[in-house]
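This is what each chain is made of:
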Amino acid sequence: SEVAKRILRSLALPFKIEGQEIFLSPSVGVSLSFEKATPSDLVRQAGIAMYQAKREVKELLFFESAMGEEAPERLKLESDMRRGIEQNEFMVYYQPKVDLQTGKIVSMEALVRWQHPQRGFVSPAKFIPFAEETGLIEPLGKIVLETACREAVKWQPKTGEPIVMAVNLSAIQFRNPNLVEEVNDVLIRTGLPAHALELEITESAVLGDVNATIATLEELKKLGIRLAIDDFGTGYSNLGHLRKFPVDVLKIDQSFVRGMTGALDDTPIVEAVISLAKALELHVVAEGVETAQQMEQLKGLGCDLGQGYYFAKPSSSQVISEMLKQKELS
Ligand code: C2E
Ligand code: MG
Ligand code: MG
């Protein structure tokens, strides 16, 4: 534990990356064996202890056999996900984004859903991080992208502005060197015009190697698609970098929208993000709009689009098809 503490102390110092101070919150797992454990057993057990420490927000934990259940549980989830992908248990739901001035649906966000035969409905907030850890996000992400593009083709109006289909891209997918080619292939296979596809990338995914980020974003832009920064305001972006990113849309994180009516009024933040977006000539979308009051307030502040339960919950493609026939919401 003394060595672990020394490691923790040195990792607790801030790192400077491209002028920004980065703080880590490291955790250490330790495993001891007085019996005949193999080196790989020891490493695996130390890993289990480390994950347990993270969950308990502790710096240091020693492996105990009671933690041993964790590994099979993870393995089970992983094999479940693999099976689920093969058996088409993953579905794509869609949530409209509405023009706050006209009340018209102008785009959709594709949101993946897992209908597990025993566990029931599993939230993406739970399985996306796991899919990222295991690499399963790649096959899953491809299914979502392809399904959403196919659906979007059906929803395109004969004339006028396209209905834009927004698909979330994980940081792992964003760093895949074949990403641009794969997106292009999907566009060709499904016949969706590039300008009707938008990729949502979280603010935290574009942090890191700025030059690599810009290069990837530029290549994606060359395909003619649109790019959005998701959950904006939660990832401490460098605003100087943001200006260099060839993106089209900023999505204000739903925590700020909720905060507009909270005890600590977040309206100034929402207002500032909208002004920033305007100054950078970006469209701005508010996520998580739940009430008429929030909608009116956002409209008053000049926000372009709104998305949230107030307009519509994420729904199956059948439900959305019906909704599109009516075309106008609110
Ligand atoms: P996100 O991209 O920021 O998506 C918005 C989340 O807010 C969705 O949660 C949506 O259902 C929820 N939401 C929409 N309107 C409201 C509202 O009025 N109030 C509240 N409280 N929530 C609202 P969901 O579907 O559970 O997805 C959670 C996150 O999982 C997404 O956040 C996204 O980061 C990720 N995700 C979902 N589908 C995919 C996917 O296909 N690929 C990847 N990489 N990530 C995905
Ligand atoms: Mg999103
Ligand atoms: Mg978001």
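Parameters and conventions
- Residues numbered from 1 in each chain as written.
- Chains lettered and ligands numbered in written order.
- Predicted model: local features only at pLDDT ≥ 70, side-chain atom pairs only at ≥ 80, totals over all residues.
- Heavy atoms only, no water.
- Donors = N, O, S within 2.8 Å, 3.2 Å for Na, K, Ca; no water.
- Helix = DSSP H or I, 4+ residues; strand = E, 2+ residues; numbered from the N terminus.
- Buried < 20%, exposed > 50% of the residue type's maximum accessible area, 1.4 Å probe, protein only.
- Phe/Tyr/Trp six-rings, centres within 6.5 Å; stacked < 30°, edge-to-face > 60°.
- Near = heavy atom within 4 Å.
- Polar contact = N/O pair within 3.5 Å; in protein donor to acceptor, adjacent residues only side chain to side chain.
- Areas by Shrake-Rupley, 256 points an atom, 1.4 Å probe, with all protein chains shown as cover.
- Nonpolar A, V, L, I, M, F, W, Y, C, P; charged D, E, K, R; others polar.
- Core = buried A, V, L, I, M, F, W, Y, C linked by side-chain atoms within 4.5 Å.
- Pairing = 2+ DSSP bridges.

K.L.:
Before we move on, could you go through the coordination of the magnesium ion (ligand 3) and cite the residues and values that matter?
P.N.:
Looking at the magnesium ion (ligand 3), the protein donor atoms are D230 (OD), D231 (OD), E287 (OE) and E287 (OE), and they sit 1.9 to 2.5 Å from it. Going along the chain, you hit the donors of the magnesium ion (ligand 3) in the pattern D-D-x55-E. Here the magnesium ion (ligand 3) and the magnesium ion (ligand 2) are spaced 4.2 Å apart, with D230 acting as a shared donor. You can see D231 sitting in strand 10 (residues 226-232) and its partner E287 sitting in the loop between strand 12 (283-286) and helix 13 (292-300), a full 56 residues away along the chain. Owing to a relative accessible area of 24%, D231 belongs among the partly exposed residues under this scheme.

K.L.:
Go over the coordination of the magnesium ion (ligand 2) with me, naming the residues and quoting the values.
P.N.:
At the metal site, the magnesium ion (ligand 2) is ligated by E109 (OE), N168 (OD1), E200 (OE) and D230 (OD), and these contacts range over 2.0 to 2.2 Å. For E109, a relative accessible area of 4% corresponds to the buried category.

K.L.:
Go over the environment of Q20 with me, naming the residues and quoting the values.
P.N.:
Looking at the secondary structure, you find Q20 in strand 2 (residues 20-22). On the basis of relative accessibility, which here comes to 27%, the residue Q20 falls in the partly exposed class. When the C-alpha atoms of Q20 and Y236 are compared, they prove to be 10.0 Å apart, with 216 residues separating the residues in sequence.

K.L.:
If you had to explain the environment of L298 to someone new, which residues and values would you point to?
P.N.:
Within the secondary structure layout, L298 lies in helix 13. Overall, the relative accessible area of 0% leaves L298 in the buried class. In this structure, the C-alpha to C-alpha distance between L298 and V319, residues 21 residues apart in sequence, is 26 Å.

K.L.:
Help me get a handle on the packing of aromatic side chains, residues and values and all.
P.N.:
The relation between two aromatic rings is expressed through the spacing of the ring centres and the mutual angle of the planes. Applying the stated criterion across every chain, the model contains 5 aromatic pairs. Ring centres of Y94 and W155 lie 5.0 Å apart, and the angle between their planes is 85°; on these two criteria the pair is classed as edge-to-face. Taken together, the residues Y94 in strand 5 (residues 90-99) and W155 in helix 5 (residues 137-155) connect sequence positions 61 residues apart. Judged by its relative accessible area of 10%, W155 falls in the buried class. Relative to F127, the ring of W114 has its centre 5.7 Å away and its plane inclined at 90°; by these criteria the two rings are edge-to-face. Here F127 lies in helix 4 (residues 124-134) and W114 lies in strand 6 (residues 105-116), a separation of 13 residues in the sequence. Taking relative accessible area as the criterion, W114 reaches 0% and is therefore assigned buried. The class of F127 is buried, set by a relative accessible area of 1%. One aromatic cluster in this structure is built from F90, W114 and F127.

K.L.:
I'd like a rundown of the site of ligand 1, residues and numbers included.
P.N.:
By nearness alone, 23 residues border ligand 1, and R113, D230, Q254, E290 and Y309 come closest of all. The separation between an oxygen atom of ligand 1 and a polar main-chain atom of Y309 is 2.8 Å. Protein contacts shield 83% of the accessible area of ligand 1, which totals 800 Å² for the unbound molecule. At the level of secondary structure, the elements contributing two or more residues to the shell around ligand 1 comprise strand 6, helix 4, strand 8 (164-169) and strand 10. Considering every element that reaches the shell around ligand 1, the biggest residue donor is strand 6, with 4 residues. A class-by-class count of the residues in the shell around ligand 1 yields 9 nonpolar, 7 polar and 7 charged.

K.L.:
Tell me about the nonpolar core, and please be specific about residues and values.
P.N.:
Among the nonpolar cores identified, the biggest contains 76 residues, and L197 and L199 are the most heavily contacted of them. In terms of residues, this core owes the most to one element, helix 5, which gives 8 residues.

K.L.:
Go over the pairing of strand 8 with me, naming the residues and quoting the values.
P.N.:
Of all 6 residues in strand 8, 5 are buried; the element is thus mostly enclosed. Here 4 bridges tie strand 6 to strand 8, and the two strands are oriented parallel to one another. Bridge assignment links S107 to a residue of strand 8, and that residue is V164. Of the pairings in the sheet, the one linking strand 8 to strand 9 (residues 197-202) comprises 5 bridges and is parallel in character. Bridge pairing in strand 9 places L169 opposite I201.

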